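Each chain, letter by letter, is given below.
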Amino acid sequence: MKDVCADQITWELPASPCGRAKAVRRRVPGAMCRCGARSRPHSPDLHFTSPAGCHQGQQNVGYREQVAFVQSFSDVCNDDQIFEEFNGQLDSLFFNDGQRRIDFVLVYEDESRKENNKKGSNEKQRRKRRAYESNLICDGLHLEATRSILDDKLVFVKVHAPWEVLCTYAEIMHIKLPLKPNDLKTRSSAFDNFSWFTKVLQVDESIIKPEQEFFTAPFEKNRMNDFYIQDRDTFFNPATRSRIVYFILSRIMYQVRDNVKKFGINKLVSSGIYKAAFPLHDCNFSHKSEDLSCPSERYLLYREWAHPRSIYKKQPLDLIRKYYGEKIGIYFAWLGYYTQMLLLAAVVGVACFLYGYFNQDNCTWSKEVCHPDIGGKIIMCPQCDQHCSFWNLNITCESSKKLCIFDSFGTLVFAVFMGIWVTLFLEFWKRRQAELEYEWDTVELQQEEQPRPEYEAQCTHVVINEITQEQERVPFTTWGKCVRITLCASAVLFWILLIIASVIGIIVYRLSVFIVFSTKLPETLNGTDSIQKYLTPQTATSITASLISFVIIMILNIIYEKVAIMITNFELPRTQTDYENSLTMKMFLFQFVNYYSSCFYIAFFKGKFVGYPGDPVYWLGKYRNEECDPGGCLLELTTQLTIIMGGKAIWNNIQEVLLPWVKNLIGRCRTASRAEKITPRWEQDYHLQLMGKLGLFYEYLEMIIQFGFVTLFVASFPLAPLLALVNNILEIRVDAWKMTTQYRRMVPEKAQDIGAWQPIMQGIAILAVVTNAMIIAFTSDMIPRLVYYWSFSVPPYGNHTHYTMEGYINSTLSIFKVSDFKNQSKGNPDPKVVIPTTCRYRDFRNPPGHEQQYKHNIYYWHVIAAKLAFIIVMEHLIYSVKFFVSYAIPDVSKRTKSKIRREKYLTQKLLRENHLKDMTKNMGVKVERMVEVVDNNLRPKSE
């Protein structure tokens, strides 16, 4: 900018990726220059020369028309910028001329009107923004600036991509576009006869019309006549237009410093130069657009998808995909399919729960615990040192009754069923996913993905490509890549160890607080038998530890989310898919340890290595290991799962519903005094909440963690699928509601599948078989009961004449002589109670006086052998069924394969025929010209 006082002022546009821009000369009417003079107020003399070297199409894409927009973005002598006035059309999606569609909106705060105007920093921001917008114009985009109606400090820059730019970048991005309508006939389904039954669940086709199907091919400008172009304004739908413009915005440079290029709208937004960048919703969610030509898809989605009255209807997946893109569409398709499959698991789970509930009165071992002459006379050894006293077995009566509900034969049946169910779900989802790939035209999507702008910006090293033998740029050398991977792996390992440390802290809390509850709880609840029989020291310890564990899990989640993003950014993946897959593996590995570690401890470690009263095992040489209830740790595992699953669902719904609603409510209250003004569509969308690029990632993560709870520990809690089903039915509508009403429209993205979440679910499915088999074998008491029933209730080991469960409790409780207590492990006897000579403890050991006293007896070895045999048989049985099911169900159905091959054949045939027609036409023209030349040459001779 030249500091002159003249009618004509020259502005040098900054260098751009397509070449060096030439000067723009203009008169600024009434502009106040630094010298204080004012130019004469007359019409501006304008001209704009397009930069040399710009891409094809810029010379003829409205460059002289862009001068008016350049005026809006240049601050000449601190003069006020020139802005277009809002034309008063509330739902308009076009520039003020009513012709050019708004494909994207950029928002910034005018530095000259800021309250805290820091001249130096504001000038830098203004310069970067001016360079960026100049380069957008150079790249062929049209811009129009409008001041905010509610806040005159805000400026909205509307971006339009003309036809030539759309065609150029559609070819660069390999976007598939229609060739001709799809004339393949759809086969009738076997379920068509039941259409009367499913019609009530379907979306009304008179409201949301089915999308017309087309044969498609990657767009090429030189074969434009081959494509199905009936109207240039609708050939690229709004989602595709926004995706193309975002691709451009992410790659336009705004500064070069020390040979480092800085570019992309994301960096400009994160640095505060722009406050927001987003595509527009097409209308208000509560009513249709005033523009009759607008399809009002947002309104239709809210009415037929997000509204609570549509909770029983199927999702309009095609419209979701059309409006939000394939990436969001595939998420809701997966979530809907998962919820449908949960219905079967929930029915079987409820049936197993009811089986246990109605048969709890027939639970012989629970009756023995509650019987005053059996459980009431069995005196148990103290479970902690110094502060615990002897106690009667029948105080665990209520917990033993509850345990009968979950630790029954139905639990075994349900665990086997869930091992098969998860395989069916994954295999049928692959088939459904293949159908969506065909229907949504993402079968060969991998060729479309481009490198991330952040990756391209760091490409400073030149290497030779092994395949093409040509030079290419990469961000780091092989050694640098190894260093980055090592540092990232070390950071992830450190945080996993931190979680394990928190789990150890919870275990220490359990060991410490159990002593307190054993001492204080009987005194506090003295005389309140109705409470005391439910709130035992074991129950109080379990509930409080679960609650504290849940709080720690939530806190660590918040911290690690930021750390995982920082690690992945440092790792610098090449494409967005690589970035999300890398972040997915880090986050899931952390969440797996964070959420499931306490459950694994209760299921497989608690009460397993406790020794016996005379020689207990100590943690860290100080804390005595926890023991399970006489009925085992299964009920405690159920309590832990219920608290974490229920608490997580409640917490997530609060975050997903209340937070964006409250933020939007606060925003509306701030502008309430100016609410009577008519605000345009772009300003209404700006005041909505931003759903970041990782917003969908967190939705997947939430569901996959739930999937782990439903499958990994389902043997201890058969109602888990029911809770997940109820949660997911609400989750679908909550996610739909917040996307259509509370959030700005996301940039549409392509996606072929659910990405790295698919192999994660397959890994969980394989692990689930092992965990459920081990829960039944080692956590529940099913195997010891079966061993007693078939071997130790009758001779030679038992005294009964027939197979029975009578006497089971007595056989599972070993005898300890009180005089054999060590001083350290001796309990604190109640002075009011006579000290017994012996007490009982939960283990299979020889009694005192035996030649191998306190050593494991034969019952123990029978039980261990039975447990190992059960695990091997159950695992092999379920894995065999899983592999058979996986083999029998192909990933892609025969019908879908035929469709894909047929479409590929017809597409190639169509392109070949069109190419032959063009060649024939060209050859005909050439022949005619040759004939004409020959005739012209021969005509004088004949004359």
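Note that residues are indexed from 1 along each chain, following the sequence as it is written. Owing to the predicted nature of the model, reporting of local features is limited to residues with pLDDT of at least 70; listing and counting of side-chain atom pairs is limited to 80 or more, with chain, interface and lining totals taken over all residues. As a rule here, side-chain values cover all heavy atoms of the structure and leave hydrogens and water aside.

**Student:** Would you mind going over the overall build of the protein with me for this structure?
**Tutor:** Each helix is a run of H or I in the DSSP string that is no shorter than four residues. Each strand is a run of E no shorter than two, and both are numbered from the N terminus. For the protein, the count of helices and strands is 27 helices and 21 strands. Relative to its full complement of 943 residues, the protein shows a buried share of 50%. The protein chains shown are the only cover counted for residues, whose accessible areas, like all others here, come from Shrake-Rupley with a 1.4 Å probe. By element, 57% of the accessible surface of the protein is carried by carbon and sulfur atoms, the whole surface being about 46400 Å². Each residue is placed in one exposure class: buried if its accessible area under a 1.4 Å probe, protein chains only, is under 20% of its type's maximum, exposed if it is over 50%, and partly exposed if it falls in between.

**Student:** Whenever I open this one, the packing of helix 13 (residues 409-439) against helix 26 (residues 858-888) confuses me. Can you help?
**Tutor:** Each pair of packed helices gets described by two things: the angle between the helix axes and the distance between those axes. Lines fitted to the C-alpha atoms define the axes, with helices restricted to the stretch that makes contact. Angles between their N-to-C directions range from 0 to 180 degrees. Interaxial distance between helix 13 and helix 26 falls to 9 Å at its minimum, and their mutual angle equals 25 degrees. As summarised for this structure, helix 13 and helix 26 are arranged roughly parallel, according to the angle between their axes. The handedness of the crossing between helix 13 and helix 26 comes out as right-handed. Of the residues in helix 26, those touching helix 13 at L412, A415, V416, G419, I420, V422, T423, L424 and E427 are F870, M874, I878, V881, K882, V885 and S886. Here the residues of the contact of helix 13 with helix 26 are counted per class, giving eleven nonpolar, three polar and two charged. An angle below 35 degrees is read as roughly parallel, one above 145 as roughly antiparallel, one from 65 to 115 as roughly perpendicular, and any other as oblique. When the near helix sits turned anticlockwise from the far one by under a right angle, the crossing is termed left-handed; a clockwise turn instead gives a right-handed crossing. Residue contacts are defined here by distance: any two heavy atoms, one from each residue, within 4.5 Å place the two residues in contact. Residue classes follow a fixed rule: Ala, Val, Leu, Ile, Met, Phe, Trp, Tyr, Cys and Pro count as nonpolar, while Asp, Glu, Lys and Arg count as charged, and any other residue, Gly among them, counts as polar.

**Student:** Looking at this model, I keep getting lost on the pattern of salt bridges. Mind explaining?
**Tutor:** Oppositely charged side chains may form a pair once their charged atoms are brought near each other. Salt bridges are counted wherever a side-chain nitrogen of Lys or Arg sits within 4 Å of a carboxyl oxygen of Asp or Glu. Overall, the coordinates contain 28 salt bridges when judged by the stated rule. For the salt bridge of R241 with D103, the shortest nitrogen-to-oxygen distance reads 2.7 Å. Separated by 138 residues along the polypeptide, R241 in helix 6 (residues 238-249) and D103 in the loop between helix 1 (67-73) and strand 4 (104-109) bring together distant segments of the chain. Across the pair, exposure class does not vary: R241 and D103 are buried alike. E326 is paired through a salt bridge with R321; the nearest N and O atoms lie 2.9 Å apart. Looking at E326, the relative accessible area reads 7%, which means it is buried. For R321, a relative accessible area of 22% corresponds to the partly exposed category. Each of E211, E297 and K322 takes part in salt bridges that share partners, so that together they form one network.

**Student:** I tried to follow the packing of aromatic side chains on my own but got confused; where do I start?
**Tutor:** For any two aromatic rings, the description comes down to two numbers: the centre-to-centre distance and the angle of the planes. The aromatic pairing rule takes the rings of Phe, Tyr and Trp, using the six-membered ring of Trp, and pairs them if the centres are within 6.5 Å, calling planes under 30 degrees apart stacked, those over 60 edge-to-face and the rest tilted. The final tally for this structure, using the stated rule, is 59 aromatic pairs. Judged by centre distance (6.0 Å) and plane angle (45 degrees), the ring pair of Y337 and W429 falls under tilted. Of this pair, Y337 sits in helix 10 (residues 326-358) while W429 sits in helix 13, and the two are 92 residues apart along the sequence. According to the relative accessible area criterion, Y337 is buried, its value standing at 17%.

**Student:** What is the right way to look at the state of the cysteines in this model?
**Tutor:** Working definition of a disulfide: a covalent bond connecting the sulfur atoms of two cysteines. Note on disulfides: each one is a pair of cysteine sulfur atoms within 2.5 Å. One pass over the structure, following the stated rule, counts three disulfides. Each disulfide pairs two cysteine sulfurs, and for C363 the partner residue is C404, the sulfurs being separated by 2.3 Å. One quick way to see it: the torsion about the S-S bond of C363 and C404 is about -70 degrees, and its sign makes the bridge left-handed. Here the residue C363 occupies a position in the loop between helix 10 and helix 11 (364-370), and C404 occupies one in helix 12 (residues 397-406), the gap between them amounting to 41 residues. The class of C363 is buried, set by a relative accessible area of 10%. In this structure C404 comes out as buried when scored by relative accessible area, which is 5%. In this model C381 forms its disulfide with C839; the gap between the sulfur atoms is 1.8 Å. Here the S-S torsion is close to 90 degrees, and the disulfide linking C381 with C839 is therefore right-handed. Of the two residues, C381 is situated in the loop between strand 12 (379-380) and strand 13 (391-392) and C839 in strand 21 (residues 838-842); the sequence distance between them amounts to 458 residues. Residue classification places C381 among the buried positions, given a relative accessible area of 5%. There is no disulfide at C283, and the cysteine sulfur nearest it, in C294, is 5.5 Å away.

**Student:** Mind showing me how you'd approach the UniProt feature "transmembrane region" (unreviewed entry) in the protein here?
**Tutor:** In this structure's numbering, the residues bearing the UniProt feature "transmembrane region" (unreviewed entry) are residues 331-358, 409-429, 492-519, 539-560, 587-605, 704-730, 754-778 and 858-879. Across residues 331-358 one finds 100% helix and 0% strand; the C-alpha atoms that close the span lie 40 Å apart. Across residues 704-730, the secondary structure splits into 74% helix and 0% strand, with the terminal C-alpha atoms separated by 16 Å. UniProt positions are given in the numbering used here, feature names are shortened, and annotations may be inferred rather than shown by experiment.

**Student:** Can you walk me through the confidence of the model for the protein in this structure?
**Tutor:** Regions with low pLDDT carry predicted coordinates that are not meant to be interpreted in detail. Looking at any residue, its pLDDT shows the predictor's confidence there, from 0 to 100. Of the residues in the protein, 81% reach a pLDDT of 70 or more, and the chain-wide mean stands at 79. In this model residues 1-80 is a low-confidence stretch, pLDDT under 50, and it forms 156 contacts with partners more than four residues away in sequence or in other chains. Below a pLDDT of 50 lies the segment residues 190-194, which in the model reaches zero contacts outside its immediate sequence neighbourhood of four places, other chains included.

**Student:** How should the sheet that holds strand 6 (residues 154-160) be read in this particular structure?
**Tutor:** Backbone-to-backbone hydrogen bonds pair the strands of a sheet. The strands run either parallel or antiparallel. For two strands to count as paired, DSSP must find a minimum of two bridges between them. Read from one edge of the open sheet, four strands run 5-6-4-11, paired in antiparallel fashion. Edge positions in the sheet fall to strand 5 (142-147) and strand 11 (276-278), since each of these pairs with one other strand and no more. With strand direction ignored, the average angle separating the axes of adjacent strands in the sheet is 20 degrees. One ladder, built from three bridges, connects strand 4 with strand 11; its direction is antiparallel. Its bridge partner being in strand 11, L106 is matched across the sheet by A277. Helix-sheet contacts for helix 6 involve strand 4 and strand 6, and the interaxial angle to strand 4 is about 45 degrees.

**Student:** Help me out: how do you make sense of helix 9 (residues 317-324) in this one?
**Tutor:** Since the α-helix turns once every 3.6 residues, residues separated by three or four places project in the same direction. Those residues of helix 9 not exposed but buried are L317, L319, I320, Y323 and Y324. Along the axis of helix 9, the buried positions cluster into a sector of 160 degrees, meaning they face one direction only. Contacts from the buried residues of helix 9 go to helix 6, helix 8 (297-306), helix 10, helix 13 and helix 22 (720-742). A positive phi of about 100 degrees marks G325, the residue just after helix 9. This arc corresponds to the set of directions leading from the helix axis out to the C-beta atoms.

**Student:** Whenever I open this one, the side chain of Q433 confuses me. Can you help?
**Tutor:** By the secondary structure assignment, Q433 is in helix 13. Setting aside residues up to four positions removed in sequence, Q433 forms contacts with I330, Q752, D753, I754 and Q758.

**Student:** I would appreciate a short explanation of the environment of S880 in the present structure.
**Tutor:** You can see S880 is positioned in helix 26. The partly exposed category is assigned to S880, whose relative accessible area is 45%. For the pair formed by S880 and I420, sequence separation is 460 residues and the distance between their alpha carbons is 9.9 Å. Of the polar contacts made by the side chain of S880, one reaches the backbone oxygen of H876; its length is 2.6 Å. Polar contacts here mean pairs of N or O atoms no more than 3.5 Å apart (in protein, one a potential hydrogen donor and the other a potential acceptor; neighbouring residues in sequence count only if both atoms are side-chain atoms).

**Student:** Just checking my understanding: could you explain the environment of T216 for this structure?
**Tutor:** Looking at the element boundaries, T216 is found in strand 8 (residues 214-218). With relative accessibility at 12%, the residue T216 sits in the buried group. Taking the C-alpha atoms as reference, T216 lies 9.4 Å from I175; in sequence the two are 41 residues apart. Contact partners of T216, with chain neighbours within four places excluded, come to K176, L177, P178, L179, D441, E903 and T907.

**Student:** Would you explain a positive patch on the surface in this entry?
**Tutor:** On the surface, K180, R902, K909 and R912 cluster together into a positively charged patch. With three residues, the single largest contributor to the positive patch is helix 27 (residues 894-942). Excluding any residue in a salt bridge, patches collect residues exceeding 30% relative accessible area, merging like charges within 9 Å and nonpolar Val, Leu, Ile, Met, Phe, Trp and Tyr side chains within 5 Å. Charge counting follows a simple rule: Lys and Arg are positive, Asp and Glu are negative, and His as well as the terminal groups are ignored. To locate a charge, take NZ of a lysine, CZ of an arginine, CG of an aspartate or CD of a glutamate.

**Student:** Can you help me understand unusual backbone geometry in this one?
**Tutor:** A negative phi holds for most residues other than glycine; trans holds for most peptide bonds. For the bond running from P795 to P796, omega is 15 degrees, close enough to zero to count as cis. Relative to the helices and strands, P796 is located in the loop between helix 24 (782-792) and helix 25 (808-812). Here the phi dihedral of S296 falls at roughly 55 degrees; this positive angle occurs in a residue that is not glycine. Along the chain, S296 falls in the loop between strand 11 and helix 8. A positive phi angle is found at D441, which is not glycine, with a value near 65 degrees.

**Student:** Explain a nonpolar patch on the surface here, please?
**Tutor:** A surface patch of nonpolar side chains, about 570 Å² in accessible area, is lined by V200, I311, Y312, L722, V726, I729 and L730. Looking at the element boundaries, L730 is found in helix 22.

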